[in-house]
Amino acid sequence: MSENKHIDEVSGVSTTGHEWDGIRELDNPMPRWWVWTFYATIVWSIGYTIAYPAWPLISDATKGVLGYSSRQELTTTMDAVSAEQADLRAAIAKKPLDEILADETLRRFATAAGDAAFKVNCSQCHGSGAQGSAGYPNLNDDDWLWGGDIEAIHQTIAHGVRFDGDDDTRFGEMPAFGDILSRDEIRQVAAHVVSFTATPSDPALAEAGAQVYADNCASCHGDAGEGDVTFGAPNLADAIWLYGSSEAQIAAQVRQPKHGVMPAWQERLGDPTVKQLSVYVHSLGGGE
């Protein structure tokens, strides 16, 4: 026994021989159940390395006597999932949109698949939550340039907006009124447009702009600025603006309008995926 070891007077157990500020540690044996459990884990680990892939080699690893492969298991699982979904994908390809919406199983599957397709193809412009940004429409609200029913959404996604190369693309173009109206007239009509949703900076200017608006803008945007989905003309009376709502921003858009372009996705993604995207966008809450 080490000279530092001694028998504890209270417990009668030998100490380890270590001492810290007069404190000694008892040298109690490990519980037998713990010792046997420890031995069992050693036996289990040896058996595991024999049964399953475990030991790394130069370019591979031991295969294990059971021949198990996690990659093969994943492949098998994914193949099974794809097989289960094959009927749903086939049904979506064949059925019209209204029947997809009416079928709860198809609608839920199309919404989930459309969500995934949206994140890959659409979120770069419309945002991961479809909230949009300046120049890119928010798809969560109920303001639609070309209509928000399921068929209109499908048409827009399938053929795009002002997309060169698709004969069925949405097309509407606002003239550059900087070549038509004077600077004062543009200021007047901008003030009048602001009056649809807010108080213009100069009411007299807005009043003067009413006639300018009636002569140049009402044919597309409506007498009260309600817009027209036939032309993709925005509703000017709902306080939702694509390029800014201030008088200066409105005047800039009147003077030299910005025209966004959206790709046509029909050829790129195929009709089933475009249908799934349509169902997903329609489900966001603003679909008509």
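Given the structure is predicted, the values throughout are model-derived calculations rather than measurements.

Considerations on helix H8 (residues 203-216)
Move 1: Here H8 spans 20 Å end to end across 14 residues, near enough to the 20 Å set by a 1.5 Å rise per residue.
Move 2: At Gly 209, H8 is bent by approximately 30°, the largest bend along its length.
Move 3: Among all positions in H8, only Leu 205, Ala 206, Gly 209, Val 212 and Tyr 213 are buried.
Move 4: Each element contacted by the buried residues of H8 is listed here: helix H7 (183-194) and helix H9 (218-221).
Move 5: Where H8 begins, one side-chain oxygen reaches toward the backbone nitrogen of Ala 204, 3.0 Å away; that side chain belongs to Asp 202.

Let's talk about a negative patch on the surface
Move 1: A cluster of like negative charges, contributed by Asp 98, Asp 142, Asp 149, Glu 151 and Glu 288, occupies part of the molecular surface.
Move 2: Inspection of the secondary structure puts Glu 288 in the segment after helix H12 (271-283).

Here we look at the environment of Gln 124
Move 1: Residue position: Gln 124 is located in helix H5 (residues 123-126).
Move 2: The class of Gln 124 is exposed, set by a relative accessible area of 56%.
Move 3: In terms of polar contacts, Gln 124 uses its side chain to reach the backbone carbonyl oxygen of Val 120, at 2.9 Å.

Observations regarding the pairing of strand E1 (residues 15-20)
Move 1: The pairing of E1 with strand E2 (residues 23-26) spans three bridges and is antiparallel. For Thr 15, the partnering residue across the bridge sits in E2 and is Leu 26.
Move 2: Once E1 ends, the chain turns through two residues before running back antiparallel as E2, passing Asp 21 with a positive phi of about 50°.

So, the UniProt feature "transmembrane region" (unreviewed entry) in the protein chain
Move 1: As recorded in UniProt, the sites labelled "transmembrane region" (unreviewed entry) are residues 33-55.
Move 2: Helix makes up 83% of residues 33-55 and strand 0%, with an end-to-end C-alpha separation of 30 Å.

Considering the pattern of salt bridges
Move 1: Within this structure, the stated rule accounts for seven salt bridges.
Move 2: Glu 99 serves as the salt-bridge partner of Lys 95, at 3.7 Å between the closest nitrogen and oxygen.
Move 3: Across the salt bridge formed by Lys 119 and Asp 115, the nearest N and O atoms sit 2.5 Å from each other. Highlighted residues: Lys 119 and Asp 115, both in helix H4 (residues 104-121), separated by four residues, approximately one helical turn.
Move 4: Residue classification places Asp 115 among the partly exposed positions, given a relative accessible area of 24%.

A closer look at the domain arrangement of the protein chain
Move 1: As far as domains go, the protein chain holds domain 1 (87-169 + 262-285) and domain 2 (183-255).
Move 2: When each unit is reduced to the centre of its C-alpha atoms, the spacing between domain 1 and domain 2 is 30 Å.
Move 3: Counting residues at the interface gives ten residues for domain 1 and twelve residues for domain 2.
Move 4: Counting each side, the surface lost to burial between domain 1 and domain 2 is near 760 Å², with a carbon and sulfur contribution of 62%.
Move 5: In this assembly, domain 1 and domain 2 are joined by zero salt bridges.
Move 6: Connecting domain 1 to domain 2 are one residue pair in polar contact (both at pLDDT 80 or more).
Move 7: Residue classes in the side of domain 1 that touches domain 2 are distributed as six nonpolar, two polar and two charged.

What counts and how
Sequence order as written defines the numbering, with residues in each chain counted from 1. With the structure being a predicted model, the display of local features is reserved for residues of pLDDT at least 70 and the display and counting of side-chain atom pairs for 80 or more, all residues being used for whole-chain, interface and lining totals. Hydrogens and water molecules were not included; the side-chain quantities draw on all heavy atoms of the structure. The helix count covers DSSP runs of H or I at least four residues long, the strand count covers runs of E at least two residues long, and both are numbered beginning at the N terminus. In this analysis, the expected span of each helix is defined as 1.5 Å times one less than the number of residues it contains. The quantity called bend is, for any residue, the angle between two axes fitted respectively to the seven residues ending at it and the seven beginning at it. Here the term buried applies to any residue with accessible area under 20% of the maximum for its type, exposed to any over 50%, and partly exposed to those in between, with areas from a 1.4 Å probe on protein chains only. Here, two residues are considered to be in contact whenever any of their heavy atoms come within 4.5 Å of each other. Think of a polar contact as two N or O atoms within 3.5 Å of one another; within protein, one of them needs to be a possible hydrogen donor and the other a possible acceptor, and neighboring residues in sequence only count if both atoms come from side chains. Patch building starts from residues that exceed 30% relative accessible area and form no salt bridge, then joins like charges within 9 Å and nonpolar side chains (Val, Leu, Ile, Met, Phe, Trp, Tyr) within 5 Å. The accessible surface values rely on the Shrake-Rupley method and a 1.4 Å probe; as for residues, cover is taken only from the protein chains in view. A side-chain nitrogen of Lys or Arg and a carboxyl oxygen of Asp or Glu constitute a salt bridge if their distance falls within 4 Å. In summary, the charge assignment counts Lys and Arg as positive and Asp and Glu as negative, without counting His or the chain termini. To locate a charge, take atom NZ for lysine, CZ for arginine, CG for aspartate or CD for glutamate. If DSSP finds at least two bridges between two strands, the strands pair. UniProt positions are given in the numbering used here, feature names are shortened, and annotations may be inferred rather than shown by experiment. Domain segmentation is taken from an automatic or database assignment of domains. When two parts are brought into contact, each loses some accessible area as probed by a 1.4 Å sphere; the total of that loss over both is the buried area. Side-chain classes follow a simple rule in which Ala, Val, Leu, Ile, Met, Phe, Trp, Tyr, Cys and Pro form the nonpolar group, Asp, Glu, Lys and Arg form the charged group, and the remainder, Gly included, forms the polar group.

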